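Working through the structure, step by step
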Amino acid sequence: MEYEPVVGRLREVRVITRPTADGRSSVTFRNFVVEMPYSKELNLEIGALLAVETIREDTYLILEVADYVPVHFGMINLDGSIPKEIRDQVMEEVSKSWHNGGNSEMWIDVFAYPIGYIATQNGFRKGYYPPLPGSPVRILNKESFKEFVCAKNGTDIGTVLGQGIPLTVNLPKAMVYHIGVFAFTGSGKSNLTSALIRRILNYTDAKVVIFDISMEYSILLLDQLLKHNSEILTTERYPSNPSDSSRKFMRTHVIPEELENYRERIRRTIESLFMEGKIRTLYVPPQGSMSLTYDSFLKLIKDQIDDKYTAFAQKPLFSLMLRKLDEMMRVNKIPKDAPLDDSILPILDEIENEGRSAGLKDNSTIFAFISSLRSYVSTDQVQSDEYDIEKLAIDILNRDKDSPRLFVLELQNLEESREIVASLVEEVMARRKRSFSTSPILFVLDEAQEFIPFDTRQRDKSELSSSAVEKLLRHGRKYHLHALISTQRLAYLNTNVLQQLHTYFISVLPRPYDRQLVSETFGISDALLDRTLDLEVGQWLLVSFKASLPHDVPVFFNAPNNLDEIRKILEEDRSGNLINGNK
Ligand SMILES: Nc1ncnc2c1ncn2[C@@H]1O[C@H](COP(=O)(O)OP(=O)(O)OP(=O)(O)O)[C@@H](O)[C@H]1O
């Protein structure tokens, strides 16, 4: 481990206890006060790492800087009881002394907290030993910081604040354990999300499916839509002429101010996407006409058995149907959520024959039931030309090298979009279970509080989307299905899902409740989370638990501006090579 030349001393240990955000229990954080000599050249920033001697020989406790304040001895007891003239004189002297360089009367109080790691001669490892008060505290230099924090051979997602080194992360691993992007509106959530998706498309083999209710991502990822085989799915009806369609598209989408000068070039790019058939209408069946699954079929049969109006003579046949179906599902390993198909026809024939030999009348309920099921499974197989959820799921799961990799679903109606999210996620999960593959798929849910709200309701379909997304977050990893969710208020989110996310990107969260939730989930001091209030647009705190980084160290960083990345491509496009016919 290598250090900056300056050495401080550990002065105080403070233990802070507060109630948890939900008020049900309490949490305790240890905060340390380190005294560093004051110098104008001191290279110390929030997020810097310190090493302090511990009770164990050659073992150092690692601390992260959450805040620092310059202190002058002359002002320690300078309160209102001192006459004003004297106060003014002292303050003037102190103010001058800061500019004259350091002396023994001035120092910096550094507030730092342990992040659960110790350093020994053999490197860094998880652990805690009590540090020795009064003992030396050193600042890790850039090289040691990089070695400890950044992922080797990882993907560059920005610059570490105060260190000026690239922040590299393990993107595939971050994706595996799901990602959350949390910040107040206008802090740069969609910008960061787009920058991450851009890297996922270019440095991993994952497919990306974006549920976009703000209609932003087609523009924010315009170059990627051209670069990769991709699809924009919309429920909007566009004119058949690509030029008119592109004009309508421009009217219904917000073009960021920074790209205003490229309006015409963007329009022509959209026109070329229409011509290439990359913008397609998604057919959404009318409400309530979603397909039957094996599970709902089992339930229908059970309802018949339990129904007091079902004729007594028919009940054993319904029971037989149930048993045969159960047997077939077990033998053929058909999951309950698989869509009902014509494999049930032989069972229907058999039960019908049994009914006839038992002498049931032609107008018996069971015959009507069998006949309506037959027409359901047969009609369902008639191929329709409409591009629907099932066909989209097949394209998403397609493993051919030239199959689409990026899907942007532009969803305008909230209730309908919840149904689409639920049915697509369920369909992809059910199909993946039946035909396993390891190729990763990332679902991106912008404005996640609309789909997995704290308070779900059957009426507005949020119960449907919430249960599908919860399933994806809990079980998706086994099937290489992952999620990136972004929201401006954690408090509005179904809290069950928060524990499933192992990588959080946090910017300004003005409500203390939201910040407390994050500090409790990751065991990070409130003092560090509070620093996110000072972050500027595009600056983020990355916290990860066994996912993005080799060690779980919260890192402040400056994200690249996604708009600069597209602007660069649009500029390069002057040659006309990147975006068809766009000069
Ligand atoms: N990394 C960055 N560097 C520079 N500017 C940025 C960065 N990220 C975002 N911005 C600027 O901030 C503005 C808002 O960003 P963005 O639309 O991504 O925020 P948001 O949090 O998604 O907002 P909303 O919740 O309203 O959708 C952008 O127009 C962009 O100019």
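So, how was this worked out
- Residues numbered from 1 in each chain as written.
- Predicted model: local features only at pLDDT ≥ 70, side-chain atom pairs only at ≥ 80, totals over all residues.
- Heavy atoms only, no water.
- Near = heavy atom within 4 Å.
- Polar contact = N/O pair within 3.5 Å; in protein donor to acceptor, adjacent residues only side chain to side chain.
- Areas by Shrake-Rupley, 256 points an atom, 1.4 Å probe, with all protein chains shown as cover.
- Nonpolar A, V, L, I, M, F, W, Y, C, P; charged D, E, K, R; others polar.
- Phe/Tyr/Trp six-rings, centres within 6.5 Å; stacked < 30°, edge-to-face > 60°.
- Helix = DSSP H or I, 4+ residues; strand = E, 2+ residues; numbered from the N terminus.
- Buried < 20%, exposed > 50% of the residue type's maximum accessible area, 1.4 Å probe, protein only.
- Lys NZ or Arg CZ within 6 Å of the ring centre and 35° of its normal.

Within an unreviewed UniProt entry, the label attached to the protein chain reads ATPase, and the organism entered is Metallosphaera hakonensis JCM 8857 = DSM 7519.

Neighbouring the ligand are 14 residues; Thr 185, Lys 189, Ser 190, Asn 191 and Glu 258 lie closest to it. A distance of 3.3 Å is found between a nitrogen atom of the ligand and a backbone nitrogen or oxygen belonging to Pro 560. Within the contact set of the ligand, a nitrogen atom lies 3.4 Å away from a side-chain nitrogen or oxygen of Asn 561. Look at the ligand: alone it shows 630 Å² of surface, and the protein chains cover 72% of it. In the shell around the ligand, the residues fall into four nonpolar, eight polar and two charged.

What follows concerns the packing of aromatic side chains. Scanning the model with the defined rule gives 12 aromatic pairs in all. Here the aromatic rings of Phe 505 and Phe 557 are separated by 6.0 Å at their centres, their planes lie at 70 degrees, and the arrangement is edge-to-face. With a gap of 52 residues between them, Phe 505 in strand E18 (residues 503–506) and Phe 557 in strand E20 (residues 555–558) connect regions that are remote in the sequence. As far as the burial class goes, Phe 505 and Phe 557 line up, both buried. Pairwise contacts between aromatic rings join Tyr 117, Phe 124 and Phe 148 into one cluster. Taking the ring centre of Tyr 128 as reference, the NZ or CZ of Arg 30 above it sits at 3.9 Å. Above the plane of the ring of Tyr 492 lies Arg 489, whose end atom (NZ or CZ) is 4.9 Å from the centre.

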